[in-house]
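As a plain string of letters, each chain reads:
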Amino acid sequence: MRTGQQYMDSLKDNRCIYIDGERVQDVTKHPAFTGIIQTVAKLYDISADETNKMTYTTEDGTIANKIYMIPRSREDLKERREAIRKWSEATCGFVGRSPDHVAAFLASFAGAAHVFERGGERFKDNIIHFYKQVRDNDLYVSYVIIPPQVDRSKAAHELDEKYVAMAVYEEREDGIIIRGSQMLGTGSAVSDYLFCSVISPLRPGDEDYAISFAVPMDAPGLKLYARPSYAQNKPSTFDYPLSTQFDESDSFVVFDDVFIPWEQVFIYKNIDIVRAQFHETPAHALGNNQAQIRFTTKLKFMIGVARKIAEINGTDKFPQVQEKLGELASIASCVEGMMLASEYECLHDENGVVRPNPRYLYGIVGMQDTIYSSVIKVLRELAGGGVLQGPSSYKELIHPDTAADIQKYIRGGNADSTQKIQLFKLAWDIIGSEFGGRHQQYEMFYNGAPFVVKGYAYRNYGYQEAVGLVDRFLHSYELPQPTYTP
Ligand SMILES: Cc1cc2nc3c(=O)[nH]c(=O)nc-3n(C[C@H](O)[C@H](O)[C@H](O)COP(=O)(O)OP(=O)(O)OC[C@H]3O[C@@H](n4cnc5c(N)ncnc54)[C@H](O)[C@@H]3O)c2cc1C
């Protein structure tokens, strides 16, 4: 199993990342990325530690990380959940695109490789080979599957320039040349490979954009434009505990004539298969299942913060506050319950792969934007101005001129100033820092815009059962017959 050190060593390559107007020379040493790299390294150390039971025997008899498991029974789903939960607890649920996210997509592709075969047998071989390569080397794959936000009313080929969105520029005997751009590579700056495709609906005429392939992060011509770092220039982890450790970064990706050998191409100019890879395989369901296991941990963590805030301020004795805490408890248990229900009521497909039940899975997906905002609102309400009365940094807590004031005045009924400031700085990193704001945007959009995710809930609920109930009831009584003689 890969260790954290092996992961960090693998990042010392020629990857091209721009941030703050400069090219990053060594991503493992740049302050924008060192925090998240340390965190991902810790994840690899957790899975490499046998006592954490994060490995399984693959279909080829090798030992691999459970994040790459192709689940074939409910028990497999449970084991996979336990592994994902373990990782999510190490990040308090605040790293959305840890290596287990895209691993779920790749395992699903391999479990339904016939979908790729529709474009030719070699594409099936390519996806299986790539899956085994990343599984057996425990690699970190991130993805970009959304065209750049330019004019959403137009199809990719209708934009004023052909190569704004990622497209095939040239076909060669040994591979293809990709030109254009794609959004939004969360974690890409610190991953090993980038999976590239399109999940947004493509229209006839978009064939050059209908592709699916993988590219190593140091491929010549692959450029990452990272957004500002929330980890950099912070006084300490004590002041910004989440920003400094879990800022996984998001990058806009430019393909400046990137060569992709045929072996790493999975779909070539085929609109139907590009759509099918996500929805005819279990990929979308298992990817979202990973996301909900992580989300469950995140909500638990946030509710823990809320409860501790109420305790430290002595407000937990008020019935109105207990009601708010109860509201959070209801929300968190609904999400956890639906995640478990989707596992318990899992469906077996014709390839012998199981997927979480879409009714419960997409039930939460469709609500996620509102769920997260409601939890943030309650946290804000409970924290009050406490998140802003703390000192500018830990330095006032330890400086001889200021420590006495801080210790005397900024504290809880039963907690000293260090405990109070530590907790409230953590709360601010969830609700108010740039990192916190990005997380609201993340939970709202990571799976598509709110109207898109509600569409998943609409399509996957299975209305026939609900409508059947109503029809049966409507048939149980009739229009009264006239009781008079005309
Ligand atoms: C923090 C963060 C991390 C992300 N990480 C990744 C990642 O790792 N990989 C990846 O591939 N993507 C990632 N994404 C991108 C994400 O998948 C997209 O944000 C999402 O698909 C929505 O696309 P968009 O942002 O361009 O919004 P748009 O599609 O432009 O939608 C914005 C709004 O415009 C309106 N709108 C747009 N189109 C329509 C329409 N057809 N009909 C009606 N209204 C419409 C809606 O009000 C919608 O909410 C990430 C996004 C965020 C915010």
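Residues numbered from 1 in each chain as written. Predicted model: local features only at pLDDT ≥ 70, side-chain atom pairs only at ≥ 80, totals over all residues.

**Q** Looking at this structure, I do not really get the overall build of the chain. What am I missing?
**A** What the chain contains, in helices and strands, is 17 helices and 14 strands. By residue count, 46% of the 486 residues in the chain fall in the buried class. Within the chain, contacts between residues at least 6 apart in sequence are counted, and of these 73% link residues at least 24 apart. (Helix = DSSP H or I, 4+ residues; strand = E, 2+ residues; numbered from the N terminus. Buried ≥ 20, exposed ≤ 12 C-beta atoms within 10 Å, placed from the backbone. Contact = placed C-beta atoms within 7 Å.)

**Q** Honestly, helix α8 (residues 271-279) in this entry has me stumped. Any pointers?
**A** Within an α-helix, residues lying three or four positions from one another point in the same direction, as the helix has 3.6 residues per turn. Within the sequence span of α8, burial applies to Ile273, Val274, Gln277 and Phe278. The arc enclosing the buried residues of α8, seen along the axis, measures out at 140°, which places them on a common side. If you follow the buried residues of α8, they end up packed against α4 (100-111), α5 (114-117), β9 (211-216), β12 (265-268) and α9 (283-312). (Arc of directions from axis to C-beta.)

**Q** Explain the site of the ligand to me, please; I cannot follow it from the model alone.
**A** Taken together, 21 residues are adjacent to the ligand, and Leu184, Thr186, Tyr442, Phe445 and Ala449 come closest. Among the secondary structure elements, those contributing two or more residues to the shell around the ligand are β5 (141-144), β7 (175-186), α15 (434-445) and α16 (450-460). Taken together, the residues that form the shell around the ligand break down as twelve nonpolar, five polar and four charged. (Near = placed C-beta within 6 Å. Nonpolar A, V, L, I, M, F, W, Y, C, P; charged D, E, K, R; others polar.)

**Q** Help me understand the nonpolar core, please; the structure alone is not making it clear to me.
**A** Note that soluble globular proteins tend to have their nonpolar side chains buried in a common cluster. Counting 133 residues, the largest nonpolar core has Leu106, Ala107, Val141, Val215, Leu379 and Ala427 as the members making the most contacts within it. For this core, the element with the most residues is α9, which contributes twelve residues. Here leucine 379 is in contact with Met302, Val305, Ala306, Ala427, Ile430 and Ile431, once residues within four sequence places are set aside. (Core = buried A, V, L, I, M, F, W, Y, C linked by C-beta atoms within 7 Å.)

**Q** Sorry, what's going on with the confidence of the model for the chain here?
**A** Atomic detail in the predicted coordinates should be set aside for any region of low pLDDT. In this model, the chain carries a mean pLDDT of 97, and residues with pLDDT of at least 70 account for 100%. This complex was scored by the predictor with a pTM of 0.96 and an ipTM of 0.97. (pLDDT = per-residue confidence, 0-100.)

**Q** Could you clarify how one ought to interpret unusual backbone geometry in this entry?
**A** For residues that are not glycine, phi is negative in most cases, and the peptide bond is trans in most cases. Note that the residue after methionine 183, namely leucine 184, is joined by a cis bond; omega there is -15°. With respect to the helices and strands, the residue leucine 184 is situated in strand β7. For lysine 53, which is not a glycine, the phi torsion comes out positive at approximately 50°. Secondary-structure assignment places lysine 53 in the loop between α2 (34-48) and β3 (55-57). One non-glycine residue with positive phi stands out, namely cysteine 92, at about 55°. Residue position: cysteine 92 is located in the loop between α3 (74-90) and α4. Looking at cysteine 92, the number of C-beta atoms within 10 Å reads 21, which means it is buried.

**Q** Please explain the environment of asparagine 289 as it appears in this structure.
**A** Here asparagine 289 lies in helix α9. Overall, asparagine 289 belongs to the buried group, with 24 C-beta atoms counted inside 10 Å. Residues asparagine 289 and tyrosine 442 lie 153 residues apart in sequence; the distance between their C-alpha atoms is 16 Å. When near neighbours in sequence (up to four residues on either side) are disregarded, asparagine 289 contacts Ala104, Ser342, Pro356 and Leu361.

**Q** Sorry if this is basic, but what is going on with the sheet that holds strand β8 (residues 193-196) here?
**A** Within a sheet, adjacent strands bond to each other through the backbone by hydrogen bonds, running parallel or antiparallel. Judged by pairing direction, the sheet is mixed, and its four strands sit side by side in the order β5-β8-β9-β12 without closing on themselves. Pairing within the sheet leaves two strands with one partner each, and these edge strands are β5 and β12. When the angles between neighbouring strand axes are averaged without regard to direction, this sheet yields 25°. As judged from the four bridges shared by β5 and β8, these two strands associate in the parallel manner. Its bridge partner lying in β8, serine 142 is registered against leucine 194. Where α4 meets the sheet, its contacts fall on β5 and β8, and the angle it forms with β5 comes to roughly 80°. (Pairing = 2+ DSSP bridges. Axes fitted to C-alpha atoms, helices over the stretch in contact; angles between N-to-C directions.)

**Q** How should the sheet that holds β7 be read in this particular structure?
**A** One open sheet holds the six strands; their spatial order is β2-β1-β10-β11-β7-β6, and the pairing between them is mixed. Of all strands in the sheet, those with a lone pairing partner are β2 (22-23) and β6 (167-171), marking the two edges. Pairing of β6 with β7, which is carried by four bridges, proceeds in the antiparallel orientation. Bridging from a neighbouring strand, glutamate 171 pairs with isoleucine 176 of β7.

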